[in-house]
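A look at the structure
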Amino acid sequence: METSLRKEAQVKIALPLGRVVSFATITAAGFVLGRISGIGREMVISAHFGLSSDLDAYLLAVLVPTLINNIIAGSAITAAVMPTFGRYLAEGRRDEFWRAASTITNVVLLITGGVTLLGMLLAAPIISLLGGDLPPATGSLATALLVIMMPTLFLGAALNMLMAVLNSLDHFVGPALIFLALNVGMILVVIILTPYVGIYAVAWGFLAGCALQVIIQFVELRRENPWYSFSVDWHHPVLRQTVIAFLPITALALVAQINTLVDRTMATALPAGSISALSYADTILGSFYMLGISLGIAIFPGLSRLAAAQDLENTARTIVASLRILIFILAPLSLLVIPFAAPIVGVILGRGKFDATAVDMTAQAMAMYAIGLIATAALYVLQRAFYALSDNMTPFVVGLLAAGLHIGLNLVFMRSWAHAGIALSASITAIVTVVALVLLLARRVHGLQLGSLLGFLAQCAALSLACTLLADGAFSFFRLPVGTTPTWVAGVAFAGAGGLAYLLTAMALRWPEGHMLLQTGLGFVRRK
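Structure report, in brief. (Residues numbered from 1 in each chain as written. Predicted model: local features only at pLDDT ≥ 70, side-chain atom pairs only at ≥ 80, totals over all residues. Heavy atoms only, no water.)

Considerations on the packing of aromatic side chains
Given two aromatic rings, one states the distance between the centres and the angle between the planes to describe the pair. One pass over the full model with this rule turns up eleven aromatic pairs. Relative to Phe-475, the ring of Phe-340 has its centre 5.6 Å away and its plane inclined at 55 degrees; by these criteria the two rings are tilted. Here Phe-340 is found in the loop between α14 (312-337) and α15 (341-349), whereas its partner Phe-475 is found in helix α19 (residues 450-477), with 135 residues between them in sequence. The pair formed by Phe-340 and Phe-475 is uniform in burial state, with each residue classed as buried. Ring centres 5.7 Å apart and planes at 55 degrees place the aromatic pair Phe-475 and Phe-494 in the tilted group. Linking Phe-475 in helix α19 with Phe-494 in helix α20 (residues 485-508), this pair joins segments that are 19 residues apart in sequence. We classify Phe-475 as buried; its relative accessible area is 15%. Judged by relative accessible area, Phe-494 falls into the partly exposed class, the value being 21%. Linked through ring pairs, Phe-340, Phe-475, Phe-477, Phe-478 and Phe-494 together constitute an aromatic cluster. (Phe/Tyr/Trp six-rings, centres within 6.5 Å; stacked < 30°, edge-to-face > 60°. Helix = DSSP H or I, 4+ residues; strand = E, 2+ residues; numbered from the N terminus. Buried < 20%, exposed > 50% of the residue type's maximum accessible area, 1.4 Å probe, protein only.)

Some points on the side chain of Arg-264
For Arg-264, the location among the structural elements is in helix α12 (residues 237-267). For the buried residue Arg-264, which engages in no salt bridge, the nearest side chain bearing the opposite charge is Asp-282, 6.0 Å off. In this view, Arg-264 contacts Leu-59, Leu-63, Ile-275 and Ser-279; residues no more than four positions away in its chain are not counted. (Lys, Arg positive; Asp, Glu negative; His and termini not counted. Salt bridge = Lys/Arg side-chain N within 4 Å of Asp/Glu carboxyl O. Contact = heavy atoms within 4.5 Å.)

Considerations on helix α16 (residues 356-371)
In an α-helix, one turn spans 3.6 residues, which is why side chains three or four residues apart end up on the same side. Its 16 residues place the ends of α16 23 Å apart at the C-alpha level, agreeing with the 22 Å of an ideal helix rising 1.5 Å per residue. For α16, the complete set of buried residues consists of Ala-358, Val-359, Met-361, Thr-362, Ala-363, Ala-365, Met-366, Ala-367, Tyr-369 and Ala-370. (Expected span 1.5 Å × (residues − 1).)

What about the environment of Val-381?
Structurally, the position occupied by Val-381 is in helix α17 (residues 373-388). Relative accessible area serves as the criterion here: at 0%, Val-381 is assigned to the buried category. Between the alpha carbons of Val-381 and Ser-322 there is a distance of 7.5 Å; along the sequence they are 59 residues apart.

Description of the nonpolar core
Judged by nonpolar contacts, the single largest core of 108 residues is most densely connected at Tyr-58, Leu-145, Met-366 and Leu-441. Ranked by residue count, the leading element in this core is α14, at eleven residues. Excluding residues that lie within four positions of it along the chain, Leu-441 makes contacts with Ile-319, Leu-382, Ala-385, Phe-386, Leu-389 and Leu-448. By size, the runner-up hydrophobic cluster in this structure holds 31 residues, among which are Phe-85, Val-107, Ala-158 and Ala-164. (Core = buried A, V, L, I, M, F, W, Y, C linked by side-chain atoms within 4.5 Å.)

Written as structure tokens, this is what we have:
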């Protein structure tokens, strides 16, 4: 009898694999489009505003609704309601699903609507608290921009509830397009309005992009003939279930936002443009962080099923395989970015008001962020591994301690390296956090094979270092003039050659990750 039940559980675990692959493919494709358009957005904004106090004001103001959304209306609420929504649908209780979705949505919109109005009324003291060292004119501008952008909190709440409903119903296209929608909206508004309203165009563009995100979700949801009620059933069990799940996840989300808030606030004491340089560097490297996010999303359902079935052996294999993929892809990128940061930034942003000084400041930050690239991406996978094991407290405690470490390192490194010191602090903090999570996870899940994983990291690092030194040496041999577009393009080309040399060598050595990535790429092309 026990054997039969185990086999049945394994069958149930194996059934959704096609759905997982489809979800991961759509999500990854959406992230790629979002990142490409995001780089285009930064190119447009940087060409108009460079590294200026006006842009610093915008970046400080946009931080407020973004952080609040990430804490109370972002992935936390989605993660809290998804299990309940899925249970209603699995039981065939579709009417109850729509009733529960309406109740939760209305409560979330009521809360975020109130916070939105409060943020608009208290914009001045909020900006004063966050940017006390800003010049008065920059602070006043940030206050006005915050009033414009605060309604994006309400739109973000609606967006996340719509995405939770769509994902529950196996619709992933709309949610995958959210970054593309935001960036397209911002690019169009900035190009059209900047000559007339200056930096205010970026704020209005952000608001328009958020509205476009919501509209796209509504378009896809119409295919399901949704039922919605404006009433709130305060006695509905979904409210209690969501609150119980929401609180620890929200605490984790709050910790995750602390480092960003600390960095931006402490950077206000540095020369003008420091906040912008950190933001641009993080945005460019964010294209690679997304690998960890999409991988974490793809494996989360499978990990949850394996953990529920107490199949810790396959849980360990899944985690190790995911971390090996991250290490294999990001090791060469991490090392190549360090010597080629200036050419990369120059090619992407080096035009208009984004002058040589701006390129240099952003490149310094990006090189320091690159040190922790693997760790930053791995955090998304490791956190979801703990979530799958129903352990939300461990990532929270580790993250809280890491936030304290990050503040201390900021104070030390800013003295010598200014804004680049903040980026270095973030990298070291990410590395320490990942090491702690891996060691703690190994105590819960036997079979993680930490020695083998560390050995693979050393192999990838050694090969990456060799290819980086070869590429950098070849680039330096030509002694091209510094700070010109042809030099930047040549630098990016040599960096790409170094990455290609890494991949070809890995395949020649018959590393399975290289062949797996090649087959995945070929399979995607064939499907096209």
